Amino acid sequence: MVTKTRIFEIVKGSGIPVTIFCKRVGLSRTAFYRWLRDDLKLSDGKEQAIQIYVSKLSQICE
């Protein structure tokens, strides 16, 4: 499992706007940032969607 800090670094490093990333994983931008700050608990399915998409992004960026 990739940490939240690493997720943010991968998203920023990919060049994909956070808004687009959030749209692709089905999450609002506000919810994404609240989740990163631990102000919001996401469902396991939503966290899995983030992990899967970030995994794909990290493969592309390498």
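A brief structural summary.

This part covers the nonpolar core. Soluble globular proteins tend to pack their nonpolar side chains together in the buried interior. Among the nonpolar cores identified, the biggest contains 17 residues, and Phe-21, Phe-32 and Ile-50 are the most heavily contacted of them. Of all the secondary-structure elements, those providing two or more residues to this core are helix H1 (4-14), helix H2 (18-25), helix H3 (29-36) and helix H4 (44-61).

It is worth spelling out the packing of aromatic side chains at this point. Under the definition given, this model contains five aromatic pairs. Look at Phe-21 and Tyr-53: their rings are 5.5 Å apart centre to centre, the planes differ by 55 degrees, and that puts the pair in the tilted class. Of the two residues, Phe-21 sits in helix H2 while Tyr-53 sits in helix H4, which places them 32 residues apart along the sequence. You can call Phe-21 buried: its relative accessible area is 0%. Aromatic side chains Phe-32 and Tyr-33 sit 5.6 Å apart centroid to centroid with 65 degrees between the ring planes, which places their arrangement in the edge-to-face category. You can call Phe-32 buried: its relative accessible area is 0%. Of the aromatic side chains, those joined through ring pairs into one cluster are Phe-8, Phe-21, Phe-32, Tyr-33, Trp-35 and Tyr-53.

Under the definition given, this model contains four salt bridges. Asp-38 is the partner of Lys-4 in a salt bridge, and the nearest nitrogen-oxygen pair spans 2.4 Å. Taken as a pair, Lys-4 in helix H1 and Asp-38 in the loop between H3 and H4 lie far apart in primary sequence, 34 residues in all. Lys-4 sits in the partly exposed class, given a relative accessible area of 24%. Linking Glu-47 and Lys-41 is a salt bridge whose minimum nitrogen-to-oxygen distance equals 3.8 Å. Take Lys-41: its relative accessible area is 64%, and that puts it in the exposed class.

How each quantity is defined
Residues numbered from 1 in each chain as written. Predicted model: local features only at pLDDT ≥ 70, side-chain atom pairs only at ≥ 80, totals over all residues. Heavy atoms only, no water. Core = buried A, V, L, I, M, F, W, Y, C linked by side-chain atoms within 4.5 Å. Buried < 20%, exposed > 50% of the residue type's maximum accessible area, 1.4 Å probe, protein only. Helix = DSSP H or I, 4+ residues; strand = E, 2+ residues; numbered from the N terminus. Phe/Tyr/Trp six-rings, centres within 6.5 Å; stacked < 30°, edge-to-face > 60°. Salt bridge = Lys/Arg side-chain N within 4 Å of Asp/Glu carboxyl O.

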